[in-house]
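Structural characterization, general
Listed here are the chains, written in short residue letters.
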Amino acid sequence: MKILVCLKRVPETTEVDLQITSDGKDIKRDQLVYSLNEWDSYALEEAVRIKEAREAQVTVLTVGEPDAQDVLRRGLAMGADEAIHIQDPQLLGSDPWVLAKVIQRAVGDQRFDLILTGARSGDEGWGQVGVNLAELLGMPHATLVTRVEWDQDRIKVFRELEGGLEEVLAMTLPALLTIQTGINEPRYVSITRIRKVRNMEIQLKGLADLGLSAGEVGASGSRIQVESLSLPPLGKQARILTGKGEELASQLIEIIKSKGGIGI
Amino acid sequence: MSGIWVLAEHREGSLREITFEMLAKGRELALQQGVPLVCLLLGNQISEMAKDLQSQADQVWTLEGACLEHFHSETYQAVLAELWSQGPPLAALIGHTAQGMELTPALSVALNIPLITDCLDVSISQESLRCVRQIYNGKIQSVTVTTSGPPFLVTCRPGSWAWPSPPAPPGQLKVLGLSLPEEPDYKHFIQYLYQENEAVDITQADILVSIGRGIEAVENISLAQELADLLGGVVSCSRPVADWKWLPKGRQVGCSGKTVRPKIYLALGISGAFQHQIGMKGSETIIAVNKDPKAPIFQVADYGIIGDLFQVVPALIEKIKENPLK
C-alpha cells in the first residue's frame, strides 16, 4: 500500500503577541517559532501506525519555503520512506485551490491508495486543500476523521460531527482522509532520530518540474486573496483582576460568592 | 444570476441553527443585491422543515427522497451541481460545519468556482465577495476577497449572525424536478454514533472548573479537581485535554463536545478558540485565568486574571480551606 501524507509548517501562535506588517497583508514572522501543523502531526502518526500494522510505503510532502523541510525531516524520523518538497518563490500568495493543483501535479501518476492531510491548519485554517485535492484526483474523501478501522482494503471511517455525535462511513480505497486531532497520540520524536535521517534524500520539485507556469500559481493564479489583516475587534472584554496571590484569591472568592457560586 | 442560495442543514429531522443564521445574513445580501433569497432543502419527509423555512426565505426549493435522508457529500454535490448548471446563484452560503467542510471544497473544484471558507461576515461589492475571517487561533482578523466570479461559494462560521430575520411574507415553495442521486458504493453511510453516557454530566453543573492546554500535565488535573470539590463543582475541559485522553470526551466543552450554561465557568489555561467559545459563552459568569493577555478567552470572559494558573489555583484552594465556604 502507498500512503501520502501532506504536511505544513506553521508558526506557533499560543502565548505569542502577533503583529501585522506595515503593508497590512501578513503577520511579522521574524520572531516566530515554527512547527508542524498540529492536525498534520496526527495525520503523520496515523500513516506511520498503518505502516507498522500492515506494510505500507509512506511518502511525506510539503509545499513551502526552504525551511519547510524541517517538517519533512520530522516525517522521515517518524518512519516515512520518502519526502517531496515543492518549493518555488512563485508559489507565494497561492490560494488553497492553487496549492491543491500543485500537489496534484506532484502526485502525477503515482497511485496512492491513501492520502492523509490535516483537517485544517492552525495558521490560515481554510480547511480546503485536502478536499480540493481529492476532487482534483477524482478520489473519494472523508473529513474530520477521528478513527479508521481496517478490514482488508475496506475501511470504516468515523467522522466527527457536532455535539459529541459521530458518523460512520464505509469506504474503499483509494481514499483521501482529512484527520482531526485526537485520532491517536503522536509519538515523541527525539532530536537524535531527526539527526539520523539528515542524509536521507528529499526530492525537490519546482514549478518547471510540475509543468505549471508562473501565471497559474501565486496570487495571479489564485481565485481568492487576503486583502488586509487587522487585530480582531475587542469583545466585551474581561474586567482584569490584579494583585498578589492571596489578594487575588479573596477577590475571586467574592466574585464566585456574589455570582451564586458557593455557600449562598 | 438567480439569487442568494442558502443550503439548509438538518440532522435527524431537525433544522440546525446555522441554517437560520445563514438565512438572516442571506436576507441582508439579497435585499442589497436586489435578488431573491432561496433556501435549498434536500432531505426525506421534509414538509415540516420546509414550512419553517418559508418564513425566512423568498423561495424554498426542495428535493425529497430516501437517498437524501441523511447528509452525504456526494449526493448533495450531484444535486447542487445539476441545479447550478440550470442557472447559478450570485452566491451560495453553506455552513462551515462537519457537513459543509465535507461538501463545499469538493463542490468548488467540481464547479470551478471560488470558495472562501469559515467566514464571520460576508458582503458583496463590485462583483467581488468580501469575507471577514479570523485566523491564527482567533488572534488576527482578515478580509479575504475573490478575484474571479461571480458566482461564489462561501462557508459560514456557526454563531456569527443573529436570527431569525424580521417577519416577511411566506416564501414560495418549489419542488425541484431533478433526478435523485445514489449513494456511491465507495463511500457509504452506515450510522450515527452517539457518545456513551458519562457518569458526570457537565451540562447539569452549576460550577465548572474547566481546564485547557495550560494544565500542562495529566498529574495536574488533581489540582483542578481539588478546586472543583471545594466549590461543589465539576471538572470539564477544552479540546486538547480530551484529545490527549486526559479526560473523557464527555467532559469536553465546545462545538464538537457539549454546550454548557453554568452559573460560573472558571476557564483555567484555556485560550478560547471559537470552537470552545460556542460551547460556553452562554455561561452566566465566566472567569478566565491565562498567561497570554492576547488569548481570545478574555474577549468572552467577565473577569480575567493574566497569570499562571499554578499560582492562582493553589492560592485559591488555600484561601477556601482557611475560610470554609459554608
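Above this note sits the structure.
In this report, we go over the structure that sits alongside the text.

About the cut-offs
Residues numbered from 1 in each chain as written. Chains lettered and ligands numbered in written order. Predicted model: local features only at pLDDT ≥ 70, side-chain atom pairs only at ≥ 80, totals over all residues. Heavy atoms only, no water. Core = buried A, V, L, I, M, F, W, Y, C linked by side-chain atoms within 4.5 Å. Buried < 20%, exposed > 50% of the residue type's maximum accessible area, 1.4 Å probe, protein only. Helix = DSSP H or I, 4+ residues; strand = E, 2+ residues; numbered from the N terminus. Contact = heavy atoms within 4.5 Å. 1 Å grid on protein atoms, 1.4 Å probe; cavity = no way out; pocket = protein on both sides within 12 Å on 5 of 7 lines; lining within 4 Å. Points joined across faces, edges and corners; volume = space filled by probe spheres on them. Buried area = accessible area lost by both parts, 1.4 Å probe. Salt bridge = Lys/Arg side-chain N within 4 Å of Asp/Glu carboxyl O. Polar contact = N/O pair within 3.5 Å; in protein donor to acceptor, adjacent residues only side chain to side chain. Nonpolar A, V, L, I, M, F, W, Y, C, P; charged D, E, K, R; others polar. Pairing = 2+ DSSP bridges. Axes fitted to C-alpha atoms, helices over the stretch in contact; angles between N-to-C directions. Parallel < 35°, antiparallel > 145°, perpendicular 65-115°, else oblique. Left-handed = near helix turned anticlockwise from the far one by under 90°. Disulfide = S-S within 2.5 Å.

Considering the nonpolar core
A general feature of soluble globular proteins is that nonpolar side chains tend to end up buried together. Formed by 46 residues in total, the largest nonpolar core has its most connected members in Ile 3, Val 5, Leu 116 and Leu 177 of chain A. Tallying contributions element by element places helix H1 (residues 38–54) of chain A first for this core, with 7 residues. Ignoring sequence-local partners within four residues, the contact set of Leu 116 of chain A consists of Ile 3, Leu 4, Val 5, Cys 6, Ala 43, Glu 46, Ala 47, Leu 177 and Ile 179 of chain A. Residues Leu 241 of chain A together with Leu 309, Ala 315 and Leu 316 of chain B belong to the second largest nonpolar core, which totals 36 residues.

Focus: empty space enclosed by the protein
Applying the stated criterion to the full structure yields 5 cavities of 30 Å³ or more. Put simply, the largest cavity is a space of about 60 Å³. If you go around the largest cavity, the residues you meet are Asp 95, Pro 96, Trp 97, Gln 128, Asn 132, Arg 223 and Ile 224 of chain A together with Ser 108, Ile 113, Pro 114 and Leu 115 of chain B.

A few points about the interface of chain B and chain A
Contacts between the two partners involve 86 residues from chain B, matched on the other side by 88 residues from chain A. Of the roughly 7800 Å² buried between chain B and chain A on both sides combined, carbon and sulfur atoms contribute 56%. In this assembly, chain B and chain A are joined by 9 salt bridges. Where chain B meets chain A, there are 49 residue pairs in polar contact (both at pLDDT 80 or more). When residues of the side of chain B that touches chain A are assigned to their parent elements, the largest contribution, 8 residues, is made by helix H4 (residues 98–111) of chain B. Partitioning the side of chain B that touches chain A into residue classes produces 39 nonpolar, 25 polar and 22 charged. Inspection of the sheet shows strand S13 (residues 239–240) of chain A paired to strand S18 (residues 303–306) of chain B by 2 bridges, in the parallel sense. Along S18 of chain B, the bridge assignment pairs Arg 239 of chain A with Tyr 303 of chain B.

Some details on helix H4 (residues 129–137) of chain A
Turning to H4 of chain A, its buried residues number three or more, namely Gly 130, Val 131, Asn 132, Leu 133 and Ala 134 of chain A. Against strand S1 (2–7), helix H3 (96–107), strand S6 (114–118), strand S7 (141–151) and strand S10 (175–179) of chain A together with H4 of chain B lie the buried residues of H4 of chain A. Gly 138 of chain A, located one to two residues past H4 of chain A, shows a positive phi value of around 65°.

Side note on the side chain of Asp 123 of chain A
In this fold, Asp 123 of chain A is placed in the loop between S6 and H4. Look at Asp 123 of chain A and you get buried, because its relative accessible area is 7%. A polar side-chain atom of Asp 123 of chain A sits 3.0 Å from a polar atom in the side chain of Lys 8 of chain A. Apart from the residues within four sequence positions on either side, Asp 123 of chain A is in contact with Lys 8, Val 10 and Pro 11 of chain A together with Ile 135 and Tyr 136 of chain B.

A word on unusual backbone geometry
Backbone torsion omega between Leu 173 of chain A and Pro 174 of chain A reads 0°, so that peptide bond is classified as cis. Summarising the element assignment, Pro 174 of chain A is placed in the loop between strand S9 (166–172) and S10. Cis geometry is found at the peptide bond from Pro 150 of chain B to Pro 151 of chain B, where omega equals 5°. Tracing the backbone through its elements, the reader meets Pro 151 of chain B in the loop between strand S10 (140–146) and strand S11 (152–156). Positive phi values are uncommon outside glycine, yet Glu 216 of chain B reaches one of about 70°. Counting through the fold element by element, Glu 216 of chain B comes out in the loop between strand S14 (207–211) and helix H5 (221–231).

Things to note about the sheet that holds S7 of chain A
Ordered in space as S11(A)-S5(A)-S4(A)-S1(A)-S6(A)-S10(A)-S7(A)-S8(A)-S9(A)-S13(B), the 10 strands form an open sheet in which the pairing is mixed. The strands lining the two open edges of the sheet, one partner per strand, are strand S11 (203–205) of chain A together with strand S13 (187–193) of chain B. The sheet shows a mean angle of 30° between the axes of neighbouring strands, taken without regard to direction. Across 3 bridges, the pairing between S1 of chain A and S6 of chain A is parallel.

Let's talk about the packing of helix H8 (residues 245–258) of chain A against helix H9 (residues 309–322) of chain B
Across the interface, H8 of chain A lies against H9 of chain B with an axial gap of 8 Å and an inter-helix angle of 70°. In terms of axis orientation, H8 of chain A runs roughly perpendicular to H9 of chain B. Two packed elements cross with a definite hand, and for H8 of chain A against H9 of chain B that hand is right-handed. Every residue of H9 of chain B that contacts H8 of chain A at Gly 245, Glu 246, Ala 249, Ser 250, Leu 252 and Ile 253 of chain A is listed here: Val 312, Ala 315, Leu 316, Lys 319 and Ile 320 of chain B. Grouping the constituent residues of the contact of H8 of chain A with H9 of chain B by class yields 7 nonpolar, 2 polar and 2 charged.

Digging into the state of the cysteines
Residue and element names in this part refer to chain B. Applying the stated criterion across every chain yields a total of 0 disulfides over all chains. With no disulfide partner, Cys 131 has as its closest neighbouring cysteine sulfur the one in Cys 119, 3.5 Å distant. Under the relative-accessibility criterion, Cys 131 is labelled buried at 0%.

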